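Spelled out from the first residue to the last, the chains are:
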Amino acid sequence: MNITLSYGKLTLLDNFGHSLRSPAYLFQPTEPEEISQVFNMAKQHDLTVTLRGAGRSYNDAALNGGGIVLDLRLVNRILAWDPATGLLQAEPGVTLQQVWQTVLPDGWWPPVVSGTMFTTLGGCLGMNIHGKNNFRMGVIGEHVTEFTILLPTGAKVTCSPKKNGDLFRACIGGMGMLGVFISITLQMKKIYSGLLKVHAFPVRSLEGQLDALLEGAPEHDYIVGWLDATAPGKGLGRGQIHAADYLHEGDDPDAKKTMQVAHQTLPANLFGVFPKSIIHYFLIPFMNNPGARTVNTAKYMMGLREECSDQSHAAFHFLLDYVPDWELAYGRDGLIQYQSFLPRETAHDAWTEMLTLSQRRGLPSYLGVTKRHRPDNFLLTHGVDGYSLALDFKVTANKRTKMAQMLQDFDRIVLEAGGRFYFAKNSETTPETAVRFLGEETVRKFRALKKRCDPHNLLESDLYRRVFG
Ligand SMILES: Cc1cc2nc3c(=O)[nH]c(=O)nc-3n(C[C@H](O)[C@H](O)[C@H](O)COP(=O)(O)OP(=O)(O)OC[C@H]3O[C@@H](n4cnc5c(N)ncnc54)[C@H](O)[C@@H]3O)c2cc1C
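Just so you know, these numbers come straight off a predicted model, no measurement behind them.

(A) Representation of the overall build of the chain within the structure. The helix and strand tally for the chain stands at 16 helices and 21 strands. The C-alpha radius of gyration computed for the chain amounts to 22 Å, which stays within 12% of the reference 23 Å derived for 469 residues, consistent with globular compactness. Projected onto its principal axes, the C-alpha positions of the chain cover 60 × 55 × 45 Å. Among the 469 residues that make up the chain, the fraction classed as buried is 59%. Within the chain, contacts between residues separated by at least 24 positions form 73% of all contacts whose residues are at least 6 apart in sequence.

(B) Spotlight on the packing of helix H13 (residues 400-416) against helix H14 (residues 431-438). The interhelical angle for the contact between H13 and H14, taken along N-to-C directions, is 15 degrees, at an axis separation of 10 Å. The orientation of H13 relative to H14 falls into the category roughly parallel. The hand of the H13/H14 crossing is left-handed. Counting all contacts with H13, which are made through Asp411, Leu415 and Glu416, the residues of H14 involved are Thr433, Arg436 and Phe437. Taken together, the residues of the contact of H13 with H14 break down into two nonpolar, one polar and three charged.

(C) Representation of helix H10 (residues 289-302). Given a rise of 1.5 Å per residue, 14 residues ought to cover 20 Å, and the 20 Å separating the end C-alpha atoms of H10 matches this to within 8%. All of the buried residues in H10 are Asn289, Gly291, Ala292, Asn296 and Tyr300. Within H10, the buried residues cover an arc of 165 degrees as seen down the axis, which keeps them to one side. Facing away from the buried side of H10 by more than 90 degrees, the exposed set consists of Met301 and Met302. The secondary structure elements touched by the buried residues of H10 are strand S12 (195-203), strand S13 (222-227) and strand S14 (239-246).

(D) Representation of the sheet that holds strand S19 (residues 367-373). The strand order across the open sheet built from eight strands is S17-S12-S14-S13-S19-S20-S18-S21, with neighbouring strands paired in antiparallel fashion. The sheet terminates laterally at strand S17 (307-312) and strand S21 (420-421), the two strands that pair on one side only. Strands strand S18 (335-343), strand S20 (386-394) and S21 of the sheet are contacted by H13, whose axis makes an angle of about 10 degrees with S18.

(E) Expanded view of the sheet that holds strand S3 (residues 49-52). The strand order S1-S2-S4-S3 describes an open sheet built from four strands, whose pairing is mixed. Looking along the sheet, the strands with just one partner apiece sit at the ends: strand S1 (10-14) and S3. For this sheet, the mean inter-axis angle between neighbouring strands, taken without regard to orientation, is 50 degrees. Pairing geometry for S3 and strand S4 (residues 68-71), over four bridges, is parallel. Residue pairing across strands places Arg52 opposite Asp71, the latter belonging to S4. Where helix H1 (residues 33-45) meets the sheet, it contacts strand S2 (21-27), S3 and S4, and its direction lies at approximately 180 degrees from that of S4.

(F) The side chain of Gln337, seen in detail. Along the chain, the position of Gln337 falls in strand S18. A distance of 2.7 Å separates a polar atom in the side chain of Gln337 from a polar atom in the side chain of Asp392. Excluding residues that lie within four positions of it along the chain, Gln337 makes contacts with Tyr58, Ala390, Leu391, Asp392, Lys425 and Asn426.

(G) Local environment of unusual backbone geometry. If you check the backbone angles, His18 has positive phi at about 55 degrees while not being a glycine. Looking at where His18 falls in the secondary structure, it is placed in the loop between S1 and S2. Positive phi is not limited to glycine here, since Asn164 has a value of about 55 degrees. With respect to the helices and strands, the residue Asn164 is situated in the loop between strand S9 (156-159) and helix H5 (165-171).

(H) Spotlight on the side chain of Asp60. With respect to the helices, strands and loops of the structure, Asp60 is situated in the loop between S3 and S4. Of note is the side chain of Asp60, whose polar atom sits 2.7 Å from the side chain of Arg466. Once residues within four sequence positions are removed from consideration, Asp60 is found in contact with Leu20, Ser461, Asp462, Leu463 and Arg466.

(I) Region of interest: the nonpolar core. Formed by 128 residues in total, the largest nonpolar core has its most connected members in Phe147, Met175, Phe423 and Phe468. Per element, the largest residue contribution to this core is seven residues, and it comes from H13. Not counting residues up to four positions away in its chain, the partners in contact with Phe147 are Val157, Thr158, Cys159, Leu167, Phe168, Cys171, Ile172, Phe181, Ser183 and Ile184. Core analysis: the next-biggest nonpolar cluster, separate from the first, contains 11 residues, Phe16, Ala292, Ala329 and Tyr330 among them.

(J) Broad picture of a nonpolar patch on the surface. Taken together, the side chains of Ile278, Tyr281, Phe282 and Ile284 define a hydrophobic patch exposed on the protein surface, amounting to about 390 Å² of accessible area. Tracing the backbone through its elements, the reader meets Tyr281 in helix H9 (residues 276-283). Judged by its relative accessible area of 53%, Tyr281 falls in the exposed class.

So, how was this worked out
- Residues numbered from 1 in each chain as written.
- Predicted model: local features only at pLDDT ≥ 70, side-chain atom pairs only at ≥ 80, totals over all residues.
- Heavy atoms only, no water.
- Helix = DSSP H or I, 4+ residues; strand = E, 2+ residues; numbered from the N terminus.
- Rg over C-alpha atoms; globule rule 2.2 N^0.38 Å.
- Buried < 20%, exposed > 50% of the residue type's maximum accessible area, 1.4 Å probe, protein only.
- Contact = heavy atoms within 4.5 Å.
- Axes fitted to C-alpha atoms, helices over the stretch in contact; angles between N-to-C directions.
- Parallel < 35°, antiparallel > 145°, perpendicular 65-115°, else oblique.
- Left-handed = near helix turned anticlockwise from the far one by under 90°.
- Nonpolar A, V, L, I, M, F, W, Y, C, P; charged D, E, K, R; others polar.
- Expected span 1.5 Å × (residues − 1).
- Arc of directions from axis to C-beta.
- Pairing = 2+ DSSP bridges.
- Polar contact = N/O pair within 3.5 Å; in protein donor to acceptor, adjacent residues only side chain to side chain.
- Core = buried A, V, L, I, M, F, W, Y, C linked by side-chain atoms within 4.5 Å.
- Patch = residues over 30% accessible without salt bridge, like charges linked within 9 Å, V, L, I, M, F, W, Y side chains within 5 Å.
- Areas by Shrake-Rupley, 256 points an atom, 1.4 Å probe, with all protein chains shown as cover.
- Salt bridge = Lys/Arg side-chain N within 4 Å of Asp/Glu carboxyl O.

By themselves these figures say nothing about function.
So, in structure tokens, the structure goes:
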């Protein structure tokens, strides 16, 4: 890697939804040793550094306007895999795709995955991702047995839940602001088939949606809801629930075959005809209020029949990966996602208010997803004993200000309802909102650790400056 700084190196980077852009000096190390060299150069030039995995965060977490961005995707070796214990050790640029494709043929699956397989382990730990099984398996950090982190001071520190526990619980979910994960050891989950039993059924209202998640969670390994955010009145919050279960040992006579990577791979064509790469073009005409209402209504009607089916793990978890570049269908100004986490007791009223508000202001979400959650003990946790609702919004130049105002109103509603936020998603969270949901004591602890690990504030991102600035 050429570690010199020149203006030719300024690269325009964006967030996953292509709604934010910022220029940075981009470096792509291939060896962990090169990371320290970039830190030294940053110090010499008085620049800050942001770590970037696959850049799949919906907001400015992996952006650093005018600074250095360290793209870690090429530091991507699987260092050790033990099929006897299910322990995998890997470098940070290894993707979830690499992980499941390595472990599945041996009868294991990552314990927690995001809705896309293209995220890196470094990015997943940086945000402490949750999956559709959060109520049962918690966040990914709960399955990390050990990691080694390179601090901006040059020190390498190994952490586990018991060793350097305060750092362990702060670096995981620490937005890449304390150091760089250079080696991560993760415990996989034993499975006995490449298939999941999936039960899909409709829910007619927000109340029905939340009840189904609450009552269904203890019965299933995974549960997730699709929510039609365009439906008004009595249908507000209607949608479809997908609950899924692992097969037990002996249930799948073809287990060896279904656990092969080839059995999981998402098909290259839709309906055997359209190449996946062009599907997003077909979505473009529906990316406006009437179009989104039509698609959501059609999806709801098609989901009215209850169904049970066997689905591959990849198909169930990574549905959005079926359509490459689907986010481009949102147009030039892209999309943002607003995800709020609310306690069981307050979720219904708060989300009723938010969904109604978005429809009244002519800014409905085109895609809503609900999940059931549990709390965890990581420092900057987004976990609650309750639910989350993720809402995707189309950004347009003439509605950007109106949208920002609405999201500020959402923040107020969520805070009053005792809710929390997730730093991988929202683009509007202010320092005041962060202090209110995290608490002053937590922010003070995080700042103290930041001072200890990164005394010269070398690690900064657009997100960090926005929220902790
Ligand atoms: C389609 C889609 C579906 C998604 N579904 C889910 C979901 O179900 N659940 C969920 O929780 N999230 C979900 N996400 C969000 C996504 O999982 C997180 O934003 C994740 O952090 C992205 O990983 P990444 O490799 O792209 O990291 P980036 O977005 O590049 O970076 C994320 C953060 O990690 C830090 N970081 C990166 N590498 C390192 C490192 N080596 N050491 C320390 N810090 C580092 C970065 O500085 C940044 O703060 C989804 C995103 C998309 C696009």
